[in-house]
Amino acid sequence: MSDLFQLLNQSDSTEARDALRAVAAALLHIVRHDTTLNHRVEAAATLTNVHQQVSADELLPALDDSSSKVRLNVIKVLRNMVDETVIARLVQCLDDVDPMVRAEVLETLVENEVRSVTAVPNLIAMLNDSNPTIRTNAAQALGRTGTKEALQPLIRHLQDPDSRVSLAAATALGQLSFADAATPLFDAAHDENTYYRLRDVALEALVQINPPDINEKLFSLLDTHELPVRKAVVEVIQSLDSEDDVERLLDVADWHTSLVRPVRNALVRCGGEAVERVMIASVGHVRQWVRALAVEVLGEIQSRAATTHILPVLQDDVQEVRLLAVNALGEIGDKRAVPQLIATLKDPVWLVQVAASSALARIDSAEAREASDDWQRTQRGRPSPLDLDTDEPPPDVDLSDIL
């Protein structure tokens, strides 16, 4: 039967379209008027194949059918024709006596990102349903309503015995973004007995809410000895307002090598004067990974103030650090770096030379472009895994290479 409907739907002939309309009209009549239950159930199920031929107004009355099986199948058809009228009627079905009908309505509301405030009381009630899938969908739907009425019920379900529900509740609290949820979310993230994924989601929700003391809360979590928590905190930090904050992140990176890359990403993401000042001061650090981190971050934030501080790093004893410094100068694009980048075309390490040529090509200077072109001409015919006919920089050095 499904093959027949597929054939008719794909056909452009008038006869096929007429046949589909006739079938749809017949099925709709059965759903609404046939006294035999099985006929109504099967007709409603079959309507999904010809839903384009049926209007929502024609189908909505069938939601009052005495059989939950008919109502369920009708809702499945309505999922293909959701509009404001359909949503308003589906919201009324949230208190249906059949849990399968309620679940189908919920899935439809979540799927269509419905924000109907009128649904809130029923959605809150469904947070206590015995079915965790229904509780999960109810939490997801509540997160889109924007109403404070949902706040406390969702907070309670941060402790739901089913992890899917607690995760959905945390996400919903972040979407609602009411400040009253900040402390419960922080407590969930701080509690060592909390499911690890919930701690991550609670942190993300906390950042969405962005309470005034957000950094104080986040940085206090960096005192934990749990590596995944420290990493999760670093990954959600959105601002670094003082040099002390930046230094604190560097201390975190020093605690475990796997945190260096997340810290680097946080420094780039946050940027700002505090990051720039501390990174410039760190360019000459005695530890090579700190030097490498500093020049990479300064390049990413395109700090022109850092140019003269990075230039001495072109003489660094560690080739990976030199390579990162060259890449950073190319990102910054400051003409003051041109003479020393030209000198770096004679670096003893060929990859550093490649990086210097690429950096020169990216600087808006005739002298720089000419030097890059001249160097590339000298390399013609030399075996190389790299394409020298491009202004793209060579592959970045991973900080893990020099830790």
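Residues numbered from 1 in each chain as written. Predicted model: local features only at pLDDT ≥ 70, side-chain atom pairs only at ≥ 80, totals over all residues. Heavy atoms only, no water.

Caption draft 1: Representation of the packing of helix 2 (residues 14-33) against helix 3 (residues 37-46) in the model. Packing of helix 2 against helix 3 brings their axes to within 8 Å, and their N-to-C directions diverge by 140°. Our classification of the angle between helix 2 and helix 3 gives oblique. For the element pair helix 2 and helix 3, the recorded crossing hand is left-handed. Across the interface between the two elements, Leu27, Ile30 and Val31 of helix 2 pack against His39, Arg40, Ala43, Ala44 and Thr46 of helix 3. (Axes fitted to C-alpha atoms, helices over the stretch in contact; angles between N-to-C directions. Helix = DSSP H or I, 4+ residues; strand = E, 2+ residues; numbered from the N terminus. Parallel < 35°, antiparallel > 145°, perpendicular 65-115°, else oblique. Left-handed = near helix turned anticlockwise from the far one by under 90°. Contact = heavy atoms within 4.5 Å.)

Caption draft 2: Fine view of the nonpolar core. The biggest cluster of nonpolar side chains holds 140 residues, and the ones touching the most others in it are Leu78, Leu154, Leu267 and Met279. In this structure, Leu78 is in contact with Ala56, Leu59, Leu60, Leu63, Val86 and Leu90, ignoring residues within four places of it in sequence. (Core = buried A, V, L, I, M, F, W, Y, C linked by side-chain atoms within 4.5 Å. Buried < 20%, exposed > 50% of the residue type's maximum accessible area, 1.4 Å probe, protein only.)

Caption draft 3: The packing of aromatic side chains, seen in detail. Overall, the coordinates contain 2 aromatic pairs when judged by the stated rule. Taking the centre distance of 5.2 Å and the plane angle of 70° together, the rings of Tyr195 and Tyr196 count as edge-to-face. Ring plane angle 35° and centroid distance 6.3 Å describe the contact between Trp350 and Trp375, whose orientation is recorded as tilted. Linking Trp350 in helix 23 (residues 350-362) with Trp375 in helix 24 (residues 366-378), this pair joins segments that are 25 residues apart in sequence. Here Trp350 matches Trp375 in class, with each residue buried. A cation sits over an aromatic face here: Lys217 above Phe186, 4.8 Å from the ring centre. We note Arg230 situated over the ring of Trp255; from NZ or CZ to the ring centre the distance is 3.8 Å. (Phe/Tyr/Trp six-rings, centres within 6.5 Å; stacked < 30°, edge-to-face > 60°. Lys NZ or Arg CZ within 6 Å of the ring centre and 35° of its normal.)

Caption draft 4: Representation of the environment of Asp83 in the model. Along the polypeptide, Asp83 turns up in the loop between helix 5 (68-78) and helix 6 (84-92). Spatially, the C-alpha atoms of Asp83 and Ala56 are 8.8 Å apart, while their sequence positions differ by 27 residues. From its side chain, Asp83 meets the backbone nitrogen of Thr85 in a polar contact 3.1 Å long. (Polar contact = N/O pair within 3.5 Å; in protein donor to acceptor, adjacent residues only side chain to side chain.)

Caption draft 5: Structural view of the pattern of salt bridges. Per the stated rule, a full pass over the model turns up 27 salt bridges. Across the pair Arg304 and Asp334 runs a salt bridge whose closest N-O atoms are separated by 3.4 Å. Remark: Asp334 occurs in the loop between helix 21 (319-332) and helix 22 (338-344) and Arg304 occurs in the loop between helix 19 (288-300) and helix 20 (307-310); sequence separation between them is 30 residues. Residue classification places Asp334 among the buried residues on the basis of a relative accessible area of 2%. Across the salt bridge formed by Asp347 and Arg322, the nearest N and O atoms sit 2.8 Å from each other. Of this pair, Asp347 sits in the loop between helix 22 and helix 23 while Arg322 sits in helix 21, and the two are 25 residues apart along the sequence. Linked by salt bridges that have partners in common, Arg79, Glu104, Glu107 and Glu111 make up one network. (Salt bridge = Lys/Arg side-chain N within 4 Å of Asp/Glu carboxyl O.)

Caption draft 6: Inspection of the packing of helix 15 (residues 227-236) against helix 17 (residues 260-270) at higher detail. With their axes 8 Å apart at the nearest point, helix 15 and helix 17 run at an angle of 20° to one another. It follows from the interaxial angle that helix 15 and helix 17 lie roughly parallel. Viewed along their axes, helix 15 and helix 17 form a crossing whose handedness is left-handed. Each of Lys231, Val234, Glu235 and Val236 in helix 15 lies in contact with helix 17, whose residues at this interface are Pro262, Val263, Ala266 and Arg269.

Caption draft 7: Structural detail: helix 13 (residues 196-209). The terminal C-alpha atoms of helix 13, which comprises 14 residues, lie 20 Å apart, in line with the 20 Å expected from a rise of 1.5 Å per residue. Residues of helix 13 that are buried make contact with helix 11 (163-176), helix 12 (182-190), helix 14 (214-221) and helix 15. Trailing helix 13 by a residue or two, Asn210 shows a phi angle of about 55°, which is positive. (Expected span 1.5 Å × (residues − 1).)

Caption draft 8: Molecular detail of unusual backbone geometry. Residues other than glycine seldom take positive phi values, yet Ser177 does so here, at roughly 60°. Positionally, Ser177 belongs in the loop between helix 11 and helix 12. What makes Ser177 partly exposed here is its relative accessible area of 33%. In the Ramachandran plot, Gln302 falls in the positive-phi region, its phi being about 50° despite a non-glycine side chain. Assignment of secondary structure puts Gln302 in the loop between helix 19 and helix 20.

Worth remembering: the numbers are spatial, not functional.
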